[in-house]
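Structural characterization, general
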Amino acid sequence: MMWQRYLGTSLIRRIVIGLIVGLALGLVPVTLLLVKQELIARAGDTVALGAADIADKLDMVLAERLGDIQAFSRAPVLNQPDRERITAYLDHLKQLYPMYQRLSVVATDGRVLASTDRALQGTPLSSEAWFRAIAHNPQPYAEIVQQHHHAGGSLGSVRFATQFVGTTGTWQGAIMTEVHEQVFRTFVTQTTHRGNESSSQPEIAEFLVLSPTGDVLLTSDAHPAAPSDRNPVRLPSTVLADQGKTGYVEEVDTGSGINALTGFARMGGLPHEPEFQWRILVRADRSAVLHSIWILLWKLIGIGTVALLPLLGLLYRSWRQQLADETRAAIAHRAMEATNTRTRKIIDIALDAVITIDHQGVITGWNAQAEQIFGWTVEEALGQSLTDTIIPPSYREAHERGIRLHRETGQGPVLNQRIEVSARHRSGREFPVELAITPIHLDGQTEFSAFLRDITERKQTEEDLRRTRTAAESANRMKTEFLANMSHELRTPLNAIIGTSDLLLKSSLTPEQRECAVMGQRASQALLRLVDDLLDLAKIEAGTLRVESSPFDLTELLERTRRLVELRQRGKDVALHIDIAPEVPTLLEGDGFRLQQILLNLLGNALKFTEQGSVSLILSIAQADPRRPLLQFTVSDTGIGIPANQLDHIFGRFTQVDSGDSRKYGGAGLGLSICKQLVDMMGGTIQVTSETGKGSTFTVALPFSVTAALSGTPATSDRLELPDAAARNTPAKTQAAVPLTILLIDDSPETGQLVSLYLKDLPYQLDLAGSGPAALQQCQAHRYDLVFLDLQMPGMDGYATAEAIRAWEKAQGLPPMPILALTADVLNAAWERSLKAGCTGFIGKPFSQTAFLETISYYANLSTAPPDRKRPSPADSPPPLMDEQDLDRLREKFLHNRRLDLEILASAVRTSDWATIQTIGHRMKGLAGSYGFTEIGAIGTALEDAAHRRQLHRVAAEIHALTQILTPLDPAQDHAA
């Protein structure tokens, strides 16, 4: 009926059905071929895995036996001359380790002292190779004992031996044992049988264990005797195993003529013993492997229907999955065993001591590093309490308490942490260790694994570093103190030079005299700028220079900068332009003083290197942000430019564009270096582009915060940056003075006289206070518009005075009066300390009359004048110049007071009154510069320092020098002449 329907179909349908049937039948041999190849590959992987497994097992057996003989040799009983106890110890080991054929102890003369084989006792073994080997080498020894013409292979046994030493470290004898070949055969046979337990795996027909020289050491039961014409050394599998490879090959056994799948591998062997690198061959009959495929072929041919093809594919997939699962399981099992072996080896060779204890604190694990660190051998440590071995007495109670706490609550204060504690050596010595303890939960029990590291050397290194750091910090402090002293020493004569030049320029001089005075003043101002640059650089290096943050008006800052730059611009055919983009905010918060310092340096450099043309400052926004914009300051000039090879070094210290013996422009090359470091400290960037002969462009980007209003403090900083006195050689018309009440607090009356002369004919009321308590009383009785405060006064110094005034104002609810600190100490923490004490500003010495008056004017403009105080118009005349006759009278009075000081100093030297000597020296150095007596100022500085150090010989020398200076200046001497 089916055939009738088939014949009745169309030709196309018959062709399609025929093609489907033919294709299906054609797939059968293709499928069988794939199955055959897969089956052979799986069988090959199985025999290769079997060979590798046997190699690993034999390596493990040899390594464990070598470890056993080392452990046996450490037994204390071997060092006792009691043969019966040694024999009992060997019998006990024989019961614990039945795999050993015999165990023997041999004395140093070669005679068997004791043995589990009583017949060997007393036998001389000094001629044995193994005995001669260990007599000259303390390392463990292993050798193969062969038996010739044996049916199961030539391996008879493997002998292990090693020395044992006494308590003095001398050789006392050797311990020897042998493992029979049957033990190795059992390991190999069990391994191959475990591989044959799976029905899907091929049956392993035979195995061979070959020595490196090709001797058959072990054979399987299938071939108890190797045929005489059989040479396994020439087989491809043997050659590949000799190369250290692992895998399988298809080869023909020349002895039996069987086509076989041979798996091969090579043992790792023992250290320094190449004869134990055995070759392992495992074989399976190829025909037996393919037997199942032929049965399956006949079944498929018998069925021969397309309907069975999907089932065949499903069966093939299932069978292949089963093979893959079994192979993965075998690989995982082997990997797990290898991992365990590696873990044990890693623990033994770890650099840290690895110790495990149970929940009672009893030691259950002790690696080799623990032996080295703590002095206890593994046999001595195992089974003992950790408290009795490595815990110092002072920590034992806490350790026991921690164990009890964990048993009760499951928690511990030091678990899973890395801490530093003290540990105890076997000798009783305590030393620091780094400790980490981790709990391990296994089978309902808790153990603890501890990792300990001796950190004695690290602690010593840390202590050395601490001492080195302390010494470096001390050296840095000494450097800072030295720079502060140098600042004081340099500024004192500069004060005299600048003050004297300033006063000379305000007197009647001939043109030649005025030109000399102007040159001297300009040179002193250049030197002062150099000192300031050096001090700024030193403060940056010492880390004492900090970036402050306070509100300031950018427009006022740029206007003040423009005025200062215009003073340096005079006499040059150079135009100055300052442009501000309209979107730039003007009320900012940041360090305005440092910003002005950066701009003055850049603009000053541009003017210095530009003979004609223009210098411009353009301010724009580099990155918009409503609250913290990034402002860009671009300073351009048309000067000499910078060579391309110097652009990378232009911000280095002491780097100058115009260098060499014939250089035209002055300067020390510090300005740009300071600018770069200040910009970095303020979180900005600075870049330069230039072309020789066409000019340079410096671009500075700095972030500032936008503020809504300004406080009553100075806009740039509390530390004033006054105009260059050297540029003010001709009196300029400035804003007229506002009537003010001023208090000068200074212990020196001469300072008051000088300031009175500075303020002569000006609408300022000056009050004087000679001490801190007197100043406090005057401030409580009167409110002053401005207070000048000397920081260095005997008794109640300037810092304490400022704090007392601020405390009284706060208690009375009064607004603070402006207090300006006066001192020559501009490097150390005097500025910061004065601000913390309550001072409003800080003026570093030296200062001239013009600088002093500009300071007063500056603070007068910041304050609001009372309604009844008339503020003159800008057209009023400028402050009058100092009268030269008044200055001469003060100079004479200054010299007269110094002569009186000589008498006081002589009395102070006799009574060792160091405080008086220091006070006179301080007063002398602060006033001498204002009258042009540089040498007297230097003597005052030396007297102050010598009194501080209590160096009487220096005080006497300076008094003599002062006498030599004052004697020619005495009018009485001139009258007598």
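For the structure itself, look to the data block above.
Figured I'd write up the structure that's included with this text. None of these values were measured; they are calculated from a predicted model. (Residues numbered from 1 in each chain as written. Predicted model: local features only at pLDDT ≥ 70, side-chain atom pairs only at ≥ 80, totals over all residues. Heavy atoms only, no water.)

**Looking at the overall build of the protein chain**
Looking only at helices and strands, the protein chain features 26 helices and 28 strands. For the protein chain, the residues scored as buried account for 45% of the 977 residues in total. Considering only contacts in the protein chain between residues 6 or more positions apart, those separated by 24 or more positions represent 64%. Accessible surface, the protein chain as shown: approximately 49,400 Å² in total, 55% of it carbon and sulfur. (Helix = DSSP H or I, 4+ residues; strand = E, 2+ residues; numbered from the N terminus. Buried < 20%, exposed > 50% of the residue type's maximum accessible area, 1.4 Å probe, protein only. Contact = heavy atoms within 4.5 Å. Areas by Shrake-Rupley, 256 points an atom, 1.4 Å probe, with all protein chains shown as cover.)

**Some words on unusual backbone geometry**
Positive phi outside glycine occurs at Ser912, with the angle close to 55 degrees. Structurally, Ser912 can be placed in the loop between helix H22 (884–911) and helix H23 (914–928). Ser912 gets classed as partly exposed once you look at its relative accessible area, which sits at 40%. One non-glycine residue, Arg950, lies in the positive phi region at around 60 degrees. Within the element layout of this structure, Arg950 appears in the loop between helix H24 (934–949) and helix H25 (952–966).

**Topic: helix H15 (residues 592–608)**
Here H15 contains 17 residues, and its C-alpha end-to-end distance of 24 Å stays within 8% of the 24 Å for a straight helix at 1.5 Å per residue. Counting buried residues along H15, 15 of its 17 residues qualify, which places the element largely inside the surrounding structure. Of the residues that open H15, the one with a side-chain oxygen 3.4 Å from the backbone nitrogen of Phe593 is Asp591. (Expected span 1.5 Å × (residues − 1). Polar contact = N/O pair within 3.5 Å; in protein donor to acceptor, adjacent residues only side chain to side chain.)

**What about the environment of Val378?**
With respect to the element layout, Val378 can be found in helix H10 (residues 378–381). When the C-alpha positions of Val378 and Gly365 are compared, they lie 8.1 Å apart, and in sequence the two are 13 residues distant. Apart from the residues within four sequence positions on either side, Val378 is in contact with Trp366 and Glu371.

**Section: the pairing of strand S13 (residues 418–424)**
Inspection of the sheet shows S13 paired to strand S14 (residues 430–442) by 7 bridges, in the antiparallel sense. For Val421, the partnering residue across the bridge sits in S14 and is Val433. In sequence, S13 turns back onto S14 through a hairpin of 5 residues, with Gly428 there showing a positive phi of about 100 degrees. (Pairing = 2+ DSSP bridges.)

**Looking at helix H3 (residues 83–96)**
Think of an α-helix as 3.6 residues a turn; residues three or four steps apart then line up on the same face. Its 14 residues give H3 an end-to-end C-alpha distance of 20 Å, which sits within 8% of 20 Å, the value for a rise of 1.5 Å per residue. Of all the residues in H3, the buried ones are Ile86, Thr87, Tyr89, Leu90 and Leu93. Within H3, the buried residues cover an arc of 160 degrees as seen down the axis, which keeps them to one side. With respect to the buried face of H3, the exposed residues turned more than 90 degrees away are Glu84 and Gln95. The distance from a side-chain oxygen at the start of H3 to the backbone nitrogen of Glu84 is 3.2 Å, and the residue carrying that oxygen is Asp82. (Arc of directions from axis to C-beta.)

**Remarks on the sheet that holds strand S1 (residues 100–107)**
Pairing is antiparallel in the open sheet, where 5 strands are placed in the order S2-S1-S5-S4-S3. The outermost strands of the open sheet, each flanked by one partner alone, are strand S2 (112–115) and strand S3 (141–146). Taken over all neighbouring pairs, the strand axes of this sheet differ in orientation by 25 degrees on average, direction set aside. Two strands pair when backbone bridges link them, and strand S4 (residues 155–165) and strand S5 (residues 171–180) are joined in this way by 9 bridges, in the antiparallel orientation. Each bridged residue has a counterpart across the sheet, and for Val158 the counterpart in S5 is Val179. Set on the sheet, H3 makes contact with S1, S2 and S5; between it and S1 the angle comes to about 155 degrees. (Axes fitted to C-alpha atoms, helices over the stretch in contact; angles between N-to-C directions.)

**As for the sheet that holds strand S20 (residues 630–637)**
Read across the sheet, 5 strands follow the order S17-S19-S20-S22-S21 without closing on themselves; strand pairing throughout is mixed. The open sheet is flanked by strand S17 (573–580) and strand S21 (685–691), the only strands paired with a single partner. Geometrically, the sheet is characterised by an average inter-axis angle of 15 degrees between neighbouring strands, direction not taken into account. Sheet analysis places S21 next to strand S22 (residues 695–703), joined by 7 bridges and oriented antiparallel. Each bridged residue has a counterpart across the sheet, and for Glu691 the counterpart in S22 is Gly695.

**Some details on the environment of Pro794**
Within the secondary structure, Pro794 sits in the loop between strand S26 (786–790) and helix H19 (798–812). Using a relative accessible area of 46% as the deciding quantity, one classes Pro794 as partly exposed. The spatial distance from the C-alpha of Pro794 to the C-alpha of Thr919 is 7.0 Å, given a sequence separation of 125 residues. Once residues lying within four places of it in the same chain are set aside, the contact partners of Pro794 are Asp747 and Thr919.

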